[in-house]
Amino acid sequence: MKWPFKSRILKMFYTWRLRALQQLAKWGVREQTLLVMLAFLIGLATGVATWVFKECVVFFHQYLFVPLATKSGATSHWPSYVFLPLPLMVGGLLLVLWRKLWHRDSPVHGLAGVLLSLTRESGQLNPSLGAETIIASSLTIGSGGSAGPEAPIAIIGSSIGALVGNSVGISRRNLPVLIGCGAAGGISAVFGAPIAGVLFAVEVMLRDFSIRTLTPVVISSVISTTMYNAIVGSSQTSGLFQMPLNTSNLVFNFPELPWYLFLGVVCGMLAVVFTQAMTWVEDIAQRRNARIRTFFYPMLGAGLAGVCGIVVLALFRDNPFMAHRFAQGYVPIFSDGYPTIRRAIDPNWYNGLHHFNGHSVRIGLEFLLVICLLKIVATSLTLGSGGSGGIIAPALFIGAAGGGALGIVLHAYNPHIEPATYALVGMGSVLAATIQAPLTAIILLFELTRNYAIMLPIMLSAVTATVIQQVLIGESLYTQPLKKLGVKLGSAVGLSALQRVSLDQIPLITSPVARPDEPLSAILQRSAEAPVSDFVVEDHKGNYLGMLTLDDLKPIMLEPEAAPLLLVGEVLRTDVPPLKITDTIATAVEAFSRHDISHLAVLAASPTGGAPPAILGLLSRSDLMRRYYQEISTT
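Residues numbered from 1 in each chain as written. Predicted model: local features only at pLDDT ≥ 70, side-chain atom pairs only at ≥ 80, totals over all residues. Heavy atoms only, no water.

Chemist: Can you walk me through the overall build of the protein chain in this structure?
Modeler: The secondary structure content of the protein chain amounts to 26 helices and eight strands. When the 635 residues of the protein chain are sorted by exposure, 54% land in the buried category. Restricting to contacts in the protein chain with at least 6 residues of sequence separation, those with at least 24 account for 73%. (Helix = DSSP H or I, 4+ residues; strand = E, 2+ residues; numbered from the N terminus. Buried < 20%, exposed > 50% of the residue type's maximum accessible area, 1.4 Å probe, protein only. Contact = heavy atoms within 4.5 Å.)

Here you go:
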């Protein structure tokens, strides 16, 4: 029988893989060691993929958005502003056509889809996901859609990690680690912040801070950043997002900490509005309105986002500097908005030290407020309707604009307050609240600024904003779609709940007590009236002896004439140890896993004087799991 070409290639590959794994086993290379080696490879591939994605975005921006926007006069002449949504709608149309080629049907998309795969399938991602995301997100961002490149690059890196892991035959237990390696490498390359990339992978995606996970993720993050810098020719750590050169001179006055606390409240509310707006648009798009085919949703959302751009142009067309930037094809709320973020966190733009045509240029309060609100609307319309992109850049944009606006207001009352510092801290605070990852946001800002003085303000503000988002919504923008599907992400929170909650926080069932010298006929009669069918067996002094379970009684119930002839002491289970009221859920789970039983006895703390501990009741397996789920649901 002749093998088809594709089958021959697959056969050769699987044969080679089997022999390679056998050889590694002979050399004593375990899978954990293999993860470190593969993390190096994933880091290299992710660094290259980040550069490819960047070039694709630039290509579509230069040959799609700029020609359609500038040649039609959509960004330079007032009557022609009506043509501004055209390039965004063309990008939406091309996005839909591109997706039709893949026939991808998933209940959630974007990074939430990767999280869903990690939860339900241990990260079994489609190998083509990375290629699809590169083009889809490039079309959205390059055509002017309000979205960021960070989540797409994390998805691309995750698909590389899944592809490498499946190709080598990594176990399902360790495959998520390689997916985290790819995500960390992508985020690291975007910002030139390898530590933040690591934290993003373990805090947002894997939710696992163990050494087994951290080691390969750190390696991938460092290698990806180094590889990207080598390609773009940078001798220092750099990324797609570049900080202004003078941010290291920013001064954070610690007496202003109460104002940073207030900034955290403002940023938390902005994150809530952003999350709710995104959810509202997504809900509308998912209703599948019969009047509008699903095919047109990305085009419609992109077109409405273009209308938001028209509002910006109409309001600020009399500003000479903004009119000049508009004529070049730049609209602040379109694409990732990185240039506007850099201006918002640069002190010179607030102090009038920039000049254009002989006039000093300042960032005004009205401008920041308008672009902050319109960025929320434009991003929600772009991504909520089916566009492809990330929410990290929009969150940074919203925080920088909102924080800068608050800084300008405070500066009017206290000239020593620097609005740029509030823009910088606001940038990280909205990000922390939106993705529910304060550690990632804190370290990201520190790596971007290299300014240790930022730590106290951003820690206070980011945690405050995160708490507000958690209290009012309870989910991040990544986990909100999963909540609708009834998916609860596993995390280190679950592990801490196992160790944190003791049995005194769980209701116990009144324990029916049996004596070892009682006949089983009496127990069978009592079992019909007892709340449970499991009995605790104790002697006359109150010492715990064991358990008499329903499974023990079933054979006797089939032959009731044998019951009067048997005593409880002859059939009780002495191998089931009791629990103590001070034990944790972790101890109880371990005990239930070792013994096939529905209830376990719970004893009081050992009293002084040598008296046996009192039997407080029975702990049921169902009550234990219910209390555990309540704990992780509210944490």
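So, next bit.
Chemist: Can you walk me through unusual backbone geometry in this structure?
Modeler: Most peptide bonds are trans, and most residues other than glycine sit at a negative phi. At S335, a position not held by glycine, the phi torsion is positive, near 55°. As for its placement among the helices and strands, S335 is situated in the loop between helix 12 (320-327) and helix 13 (338-344).

Chemist: What exactly am I supposed to notice about the sheet that holds strand 5 (residues 544-548) here?
Modeler: Overall, mixed pairing links the three strands, which are arranged 3-4-5 in an open sheet. Looking at strand neighbours, the two that pair on one side only are strand 3 (513-514) and strand 5, the edges of this open sheet. Here strand 3 runs beside strand 4 (residues 535-538); their pairing, made up of two bridges, is parallel. Considered in strand 4, the bridge of V513 is made with V536. (Pairing = 2+ DSSP bridges.)

Chemist: Please explain the packing of helix 6 (residues 150-168) against helix 7 (residues 175-191) as it appears in this structure.
Modeler: It is at 7 Å that the axes of helix 6 and helix 7 come closest, and there the two elements cross at 145°. The element helix 6 and its partner helix 7 pack so that their crossing is right-handed. In this structure, helix 6 uses E150, I153, A154, G157, S158, G161, A162, G165 and N166 to contact helix 7, whose residues at the interface are L175, L178, I179, G182, A183, G186, I187, V190 and F191. Here the residues of the contact of helix 6 with helix 7 are counted per class, giving 10 nonpolar, seven polar and one charged. (Axes fitted to C-alpha atoms, helices over the stretch in contact; angles between N-to-C directions. Left-handed = near helix turned anticlockwise from the far one by under 90°. Nonpolar A, V, L, I, M, F, W, Y, C, P; charged D, E, K, R; others polar.)

Chemist: Just checking my understanding: could you explain the pattern of salt bridges for this structure?
Modeler: Two side chains bearing opposite charge may form a pair once their charged atoms approach each other closely. Under the counting rule described, the total for this entry stands at three salt bridges. Taking the shortest distance from any N to any O, the salt bridge between R626 and D623 comes out at 2.6 Å. Of this pair, R626 and D623 both sit in helix 26 (residues 621-633), three residues apart, which is roughly one turn of the helix. D623 gets classed as buried once you look at its relative accessible area, which sits at 19%. (Salt bridge = Lys/Arg side-chain N within 4 Å of Asp/Glu carboxyl O.)

Chemist: Got a minute to help me understand helix 6 in this structure?
Modeler: Counted at 1.5 Å a residue, the expected span for helix 6 with its 19 residues is 27 Å, and the 27 Å between its end C-alpha atoms agrees. In terms of residue burial, helix 6 counts as a mostly covered element, since 15 of its 19 residues are buried. (Expected span 1.5 Å × (residues − 1).)

Chemist: Even after reading the chapter, I still don't get the environment of S388, so can you show me in this structure?
Modeler: Turning to its location among the elements, S388 is positioned in the loop between helix 15 (365-384) and helix 16 (392-413). On the accessibility criterion, S388 (11% relative accessible area) is buried. Separated by 243 residues in sequence, S388 and G145 place their C-alpha atoms 8.8 Å apart. Setting aside residues up to four positions removed in sequence, S388 forms contacts with L95, R99, A136, S137, T140, A147 and L383. Engagement of the side chain of S388 in a polar contact is seen with the side chain of S137, the distance being 2.7 Å. (Polar contact = N/O pair within 3.5 Å; in protein donor to acceptor, adjacent residues only side chain to side chain.)

Chemist: Sorry if this is basic, but what is going on with the packing of helix 7 against helix 8 (residues 194-206) here?
Modeler: The description of two helices packed together rests on the angle between their axes and the distance between the axes. Viewed as axis vectors pointing N to C, helix 7 and helix 8 meet at an angle of 140°, and their least axial separation amounts to 8 Å. In this view, helix 7 runs oblique relative to helix 8, as classed from their interaxial angle. Seen from above, helix 7 lies across helix 8 with right-handed handedness. Between helix 7 and helix 8, the residues in contact are P176, V177, I179, G180, A183, A184, I187 and S188 and P194, G197, V198, F200, A201, M205 and L206, respectively. (Parallel < 35°, antiparallel > 145°, perpendicular 65-115°, else oblique.)

Chemist: Sorry, what's going on with the packing of aromatic side chains here?
Modeler: Between two aromatic rings, the relevant description is the distance of the centres plus the angle of the planes. One pass over the full model with this rule turns up eight aromatic pairs. Arranged with centres 5.0 Å apart and planes meeting at 40°, the rings of F59 and Y63 form a pair that is tilted. Within this pair, F59 and its partner Y63 are both found in helix 2 (residues 31-71), separated by four residues, close to a single helical turn. Feature note: the residues F59, F60 and Y63 constitute an aromatic cluster, connected by ring pairs. Lying over the aromatic face of F397, K375 brings its terminal NZ or CZ to 5.0 Å of the ring centre. (Phe/Tyr/Trp six-rings, centres within 6.5 Å; stacked < 30°, edge-to-face > 60°. Lys NZ or Arg CZ within 6 Å of the ring centre and 35° of its normal.)

Chemist: Can you help me understand the nonpolar core in this one?
Modeler: One recurring pattern in soluble globular proteins: nonpolar side chains tend to sit buried together. F191, F200, M205, I333 and Y478 are the most contacted members of the largest nonpolar core, which has 130 residues in total. Counting residues in hydrophobic clusters, the runner-up holds 23 residues, among them V501, A588, A601 and L603. (Core = buried A, V, L, I, M, F, W, Y, C linked by side-chain atoms within 4.5 Å.)

Chemist: Got a minute to help me understand the pairing of strand 5 in this structure?
Modeler: Side-chain direction in a regular strand flips from residue to residue, so the side chains alternate between the two faces of the sheet. Counted residue by residue, strand 5 has four buried out of five residues, so it is predominantly covered. Taken together, the four bridges between strand 4 and strand 5 define a ladder with antiparallel strand orientation. Each bridged residue has a counterpart across the sheet, and for V537 the counterpart in strand 5 is G546. Linkage of strand 4 to strand 5, two consecutive antiparallel strands, is achieved through a turn of five residues, within which G542 is found at a positive phi near 90°.

Chemist: What should I look at first to understand a nonpolar patch on the surface in this one?
Modeler: The grouping of W259, F262, V265, M269, V463, V467, V471 and L472 at the surface amounts to a nonpolar patch, some 720 Å² of accessible area in total. For V471, the location among the structural elements is in helix 19 (residues 455-472). (Patch = residues over 30% accessible without salt bridge, like charges linked within 9 Å, V, L, I, M, F, W, Y side chains within 5 Å. Areas by Shrake-Rupley, 256 points an atom, 1.4 Å probe, with all protein chains shown as cover.)

Chemist: What should I look at first to understand helix 19 in this one?
Modeler: Residues spaced three or four apart along an α-helix face the same direction, because each turn holds 3.6 residues. The end-to-end C-alpha distance of helix 19, which contains 18 residues, comes to 26 Å, matching closely the 26 Å that a straight helix rising 1.5 Å per residue would cover. For helix 19, the full list of buried residues reads M455, P457, I458, S461, A462, T464, A465, T466, I468 and Q469. Lining the buried residues of helix 19 we find helix 10 (257-286), helix 17 (419-435) and helix 18 (438-449).

Chemist: Would you take a moment to explain the sheet that holds strand 8 (residues 615-620) for this structure?
Modeler: Strand pairing in a sheet relies on backbone hydrogen bonds. The paired strands run either parallel or antiparallel. Spatially, 6-7-8 is the arrangement adopted by the three strands of the open sheet, whose pairing is mixed. Looking at the sheet topology across the chains shown, the edges are occupied by strand 6 (579-580) and strand 8. With two bridges connecting them, strand 6 and strand 7 (residues 599-603) associate as parallel partners. Each bridged residue has a counterpart across the sheet, and for K580 the counterpart in strand 7 is L603. Where helix 25 (residues 585-594) meets the sheet, its contacts fall on strand 6, strand 7 and strand 8, and the angle it forms with strand 7 comes to roughly 140°.

Chemist: How should I be thinking about the pairing of strand 7 in this particular structure?
Modeler: Of all five residues making up strand 7, five are buried, and the element is well covered by its neighbours. The alternating pattern of strand 7 places H599, A601 and L603 on one face and L600 and V602 on the opposite face, and all of these are buried. Where strand 7 meets strand 8, five bridges bridge the pair, whose relative direction is antiparallel. Paired with L603 across the strands is I615, a residue of strand 8.

Chemist: Explain the environment of L424 to me, please; I cannot follow it from the model alone.
Modeler: Mapped onto the elements of the fold, L424 is located in helix 17. Sequence separation between L424 and R342 is 82 residues, and the spatial gap between their C-alpha atoms is 9.4 Å.

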